[in-house]
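# Structural overview for review
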Number of protein chains: 2
Amino acid sequence: MAPSDLPAEPTQARRFGKARSAQSTALLEDYAELIADLLAGEGEARPTDIARRLGVSHATAIKAIARLKREGLATARPYRGVFLTDAGMRLAERVRVRHRLVVDVLVALGVPAEAAEQDAEGIEHHVSDATLAAFSRFLEHL
Amino acid sequence: MAPSDLPAEPTQARRFGKARSAQSTALLEDYAELIADLLAGEGEARPTDIARRLGVSHATAIKAIARLKREGLATARPYRGVFLTDAGMRLAERVRVRHRLVVDVLVALGVPAEAAEQDAEGIEHHVSDATLAAFSRFLEHL
DNA sequence: ATGAAAGTGTAGCCGTGGCTACACTTGCTG
DNA sequence: CAGCAAGTGTAGCCACGGCTACACTTTCAT
Ligand SMILES: [Mn+2]
Ligand SMILES: [Mn+2]
Ligand SMILES: [Mn+2]
Ligand SMILES: [Mn+2]
């Protein structure tokens, strides 16, 4: 395989930088989406349930929830479960739609269902609005 | 939008766990790919050039290079530039092919060129072999 | 051959996101 | 209503991936 031609330096740096910043919001997005799902499906979102679903220790989940609070996305009082602020709910909603869309596109491209779900969990955090729009058009036009 | 039905707990935990582990190899993959490109295009891969292209400080790049060495992907002697081991070159090659394929699929779906390049930089690290295979078939069958 | 500029390396700081261990609260069950 | 199991919170550890500051080496022009 031929080596890729190197993009201009500032262009490449900008691409990597944006990928890094997308990375840093990925965790918040997953928590927000999961908390919204738990609230809708179970009526409550407890740190232990969040932790089990994410596959991390409850201590890890509690620290992440503290970060959600710090960023104005969630509220929680000791021993009383986690809730989303308006901003948190808006984020969760956006994330849910995007997640769904990514899975649907992958499946439409012939990716097996479980692989699609799996890969979407990571891919979703790197899909820009432009790409999202293209995905929508692709699915409609199917 | 209707709330997604919650997947079974162990399934969901496995998905998140795999996404986390993909995340932890993303940085290695980007460095390996970039070093290979620099070696092919410029004949050498110097820490400063690597750093500038990634948009990080040279100190950050040097620490990452230390990790590449630790993991058996690169070699470097003080003041003499960075090289890839056989394992490093194999990784770089795999990563380059996958990167290209992701960009091509995005473009084929109607994503504008620069957005495709941008999003691919993050997406590539979360594309499984099954998805990669589906992408190939999709492009051929075009 | 020397001095300045460019590159390199190291030390030490920070925030994040994992973990375990331990202490405390809650809520259910007998 | 007592006690136990489950859940919660906190402390303290670690690795990673950013950063700045500073010291050292190399390279290149004069
Ligand atoms: Mn996700
Ligand atoms: Mn998701
Ligand atoms: Mn990348
Ligand atoms: Mn790449």
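Our structure's up above, just so we're on the same page.
These lines cover the structure that appears in this document, whether it is placed above or below.

Calculation rules
- Residues numbered from 1 in each chain as written.
- Chains lettered and ligands numbered in written order.
- Predicted model: local features only at pLDDT ≥ 70, side-chain atom pairs only at ≥ 80, totals over all residues.
- Heavy atoms only, no water.
- Donors = N, O, S within 2.8 Å, 3.2 Å for Na, K, Ca; no water.
- Helix = DSSP H or I, 4+ residues; strand = E, 2+ residues; numbered from the N terminus.
- Near = heavy atom within 4 Å.
- Polar contact = N/O pair within 3.5 Å; in protein donor to acceptor, adjacent residues only side chain to side chain.
- Buried < 20%, exposed > 50% of the residue type's maximum accessible area, 1.4 Å probe, protein only.
- Axes fitted to C-alpha atoms, helices over the stretch in contact; angles between N-to-C directions.
- Parallel < 35°, antiparallel > 145°, perpendicular 65-115°, else oblique.
- Left-handed = near helix turned anticlockwise from the far one by under 90°.
- Contact = heavy atoms within 4.5 Å.
- Nonpolar A, V, L, I, M, F, W, Y, C, P; charged D, E, K, R; others polar.

## A few points about the coordination of the manganese ion (ligand 3)
All names here are of chain B.
- Distances from the manganese ion (ligand 3) to its protein donors, namely Asp30 (OD), Glu121 (O), Glu121 (OE), Glu124 (OE) and His125 (NE2), fall within the range 2.0 to 2.3 Å.
- Read N to C, the donor residues that coordinate the manganese ion (ligand 3) are spaced as D-x90-E-x2-E-H.
- Here the manganese ion (ligand 3) and the manganese ion (ligand 4) are spaced 3.6 Å apart, with Glu121 acting as a shared donor. Within this pair, whereas Asp30 is found in helix α1 (residues 9-42), its partner His125 is found in the loop between α5 (113-123) and α6 (129-140), the two being separated by 95 residues in sequence.

## Here we look at the protein's contact with DNA strand D
- If you check the shell around DNA strand D, you find 21 residues, and the closest are Thr48 of chain A together with Ser57, Thr60, Lys63 and Arg67 of chain B.
- Thr48 of chain A is positioned such that a nitrogen or oxygen atom in its side chain is 2.7 Å from a phosphate oxygen of DNA strand D.
- Residue Tyr79 of chain A places a main-chain N or O atom 2.9 Å away from a phosphate oxygen belonging to DNA strand D.
- When residues in the surface near DNA strand D are grouped by element, the largest group, 5 residues, is from helix α3 (residues 58-70) of chain B.

## Points about unusual backbone geometry
Residues and elements named next belong to chain A.
- The phi angle at Tyr79 is positive, at roughly 65°, despite the residue not being glycine.
- The topology assignment puts Tyr79 in the loop between β1 (74-76) and β2 (82-84).
- Classification of Tyr79 by relative accessible area gives exposed; the value is 81%.

## Thoughts on the packing of helix α4 (residues 86-108) of chain B against α5 of chain B
Residues and elements named next belong to chain B.
- Running from amino to carboxyl end, α4 crosses α5 at an angle of 135°, the nearest separation of the two axes being 9 Å. Looking at the two axes, α4 sits oblique to α5. Relative to α5, α4 is oriented so that their crossing is right-handed. Contacts between α4 and α5 involve His99, Arg100, Val102, Val103, Leu106 and Val107 on the former and, on the latter, Ala116, Glu117, Asp119, Ala120, Glu121 and Ile123.
- Here the residues of the contact of α4 with α5 sort into 7 nonpolar, 1 polar and 4 charged.

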